Amino acid sequence: MTLRMAAVAANFDRDLNGDFARVATLIEQARAAGVKLLALPEGALGGYLLSLDGTAEPPPAFTVDGPEIARLAKLAGDLVVTAGYAEADGGLIYNSAVCVTGDGVLGHHRKVHQPLHEDEHFAAGDRFEAFDTPVGRLGLMICYDKAFPEAARTLALDGAEIIVCLSAWPGARTNPDPDLAKDRWKRRFDLFDRARALENQVVWLSANQSGTFGSLRFVASAKVVDPGGEILAETGVIEGMAIAELDVEQALELARRSMGHLRDRRPETYGTSELATV
């Protein structure tokens, strides 16, 4: 059975009602295109940080069981939708992602790896776990998480068929290229997407912020990548929706038939007990 899926590159800010209006429009566009799985960026509800120098105020935070996520679920309806937000819990704020349908929350993730000064604004998550959804078993990660092979590998070993990475990935901070398509941080963003899909032989959706926010210029580059690391659809460095259709079960079976990267692992040779567990 084929699955039509989409990853979004779009700009979201502190205007939460404006963000929800944008989300509603994107969901309706996706629904009209036959999409069943839609990935929205990190900070889709409330925006990301205005800078990465440690001085920016964090976005407004709300709980995973609060009215904001319930509003997102209602908008999702028959779609499976992932989105990033700032999560309040126990007096702490996490950079989080949630996966919802009209029935409620299916899964969520707190960003584990924190670049630059992000840890001055957010507490860190402590796990990677896959979960079941109407479109298959999913794993979530956020932005810098994808720079760590162990993160995606943990999700793949937990049975994730599709990994969705939500980002607010900017262009280079020093010596930025005027042509964003040639930016070295944009190139890294794309390399991580393709490598993580290929090494784990999973379907990979990569959503990202676009445009500018504060001092940050985002690389957009939303995409859908197949289990062989090939890009099926992408937005380039502009706002848009990358849509692709794939028989996920068949694609995974074909990719893993001859060289199964998960099947052929030799964890006893990897040197440390930490690595051996993943």
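Since the model is a prediction, treat every value here as computed from it, not as a measurement.

Caption draft 1: A look at the pairing of strand β4 (residues 80–89). Of all 10 residues in β4, eight are buried, a share of seventy percent or more. Here strand β2 (residues 37–39) pairs with β4 via three bridges, running parallel. When the bridges of β4 are listed, Ala39 appears paired with Thr82. In the sheet, strand β3 (residues 61–62) pairs with β4 via two bridges, with the strands oriented parallel. Within β4, the residue paired with Ala61 across the bridge is Ala86. A crossover connection joins β3 to the parallel β4 through helix α2 (residues 67–76); in handedness this β-α-β unit is right-handed. Where β4 and strand β5 (residues 92–101) come together, nine bridges link them in antiparallel fashion. Its bridge partner lying in β5, Ala88 is registered against Ile93. Once β4 ends, the chain turns through two residues before running back antiparallel as β5, passing Gly90 with a positive phi of about 60°.

Caption draft 2: Structural view of helix α1 (residues 16–32). Taking 1.5 Å as the rise per residue, α1 with 17 residues should run 24 Å; its terminal C-alpha atoms sit 24 Å apart, in good agreement. Burial in α1 covers these residues: Asp19, Phe20, Val23, Leu26, Ile27 and Ala30. Projected onto a plane normal to the axis of α1, the buried residues spread over an arc of 125° and lie on a single side. With respect to the buried face of α1, the exposed residues turned more than 90 degrees away are Asn17 and Ala32. Check the buried side of α1 and you find it contacts β1 (3–10), β2, α2, β4 and β15 (240–246). After α1 finishes, the residue Gly34 shows a positive phi value of roughly 80°.

Caption draft 3: Geometry of the environment of Gly34. By the secondary structure assignment, Gly34 is in the loop between α1 and β2. Since its relative accessible area comes to 34%, Gly34 is described here as partly exposed.

Caption draft 4: Layout of α2. Here α2 has its buried residues at Ile69, Leu72, Ala73 and Ala76. Projected down its long axis, α2 shows its buried positions confined to an angular sector of 100°, all on one face. Opposite the packed face of α2, turned more than 90 degrees from it, sit the exposed residues Pro67 and Lys74. The secondary structure elements touched by the buried residues of α2 are α1, β3, β4, β5 and β6 (104–110). Gly77 sits one or two positions beyond α2 and adopts a positive phi of about 60°.

Caption draft 5: Examining the environment of Asp190 more closely. Topologically, Asp190 is positioned in helix α4 (residues 184–200). Spatially, the C-alpha atoms of Asp190 and Lys223 are 8.8 Å apart, while their sequence positions differ by 33 residues. A distance of 2.8 Å separates a polar atom in the side chain of Asp190 from a polar atom in the side chain of Lys223.

Caption draft 6: Up close: the nonpolar core. Membership of the largest hydrophobic core comes to 37 residues, with the highest contact counts inside it found for Met5, Leu37, Leu138, Ile162, Val164, Val203 and Leu205. With four residues, the single largest contributor to this core is β1.

Caption draft 7: Region of the structure containing the pattern of salt bridges. This model, assessed by the stated rule, comprises 22 salt bridges. Between Arg31 and Glu28 there is a salt bridge, with its nearest N and O atoms 2.5 Å apart. Of the two residues, Arg31 and Glu28 both sit in helix α1, three residues apart, roughly one turn of that helix. Judged by its relative accessible area of 27%, Arg31 falls in the partly exposed class. The salt bridge partner of Asp78 is Arg31, with a shortest N-O separation of 2.9 Å. On the criterion of sequence distance, the pair formed by Asp78 in the loop between α2 and β4 and Arg31 in helix α1 is long-range, its members being 47 residues apart. With a relative accessible area of 49%, Asp78 lands in the partly exposed category.

Scoring rules and cut-offs
Residues numbered from 1 in each chain as written. Predicted model: local features only at pLDDT ≥ 70, side-chain atom pairs only at ≥ 80, totals over all residues. Heavy atoms only, no water. Buried < 20%, exposed > 50% of the residue type's maximum accessible area, 1.4 Å probe, protein only. Helix = DSSP H or I, 4+ residues; strand = E, 2+ residues; numbered from the N terminus. Pairing = 2+ DSSP bridges. Right-handed = clockwise from strand over helix to strand, strands pointing away. Expected span 1.5 Å × (residues − 1). Arc of directions from axis to C-beta. Contact = heavy atoms within 4.5 Å. Polar contact = N/O pair within 3.5 Å; in protein donor to acceptor, adjacent residues only side chain to side chain. Core = buried A, V, L, I, M, F, W, Y, C linked by side-chain atoms within 4.5 Å. Salt bridge = Lys/Arg side-chain N within 4 Å of Asp/Glu carboxyl O.

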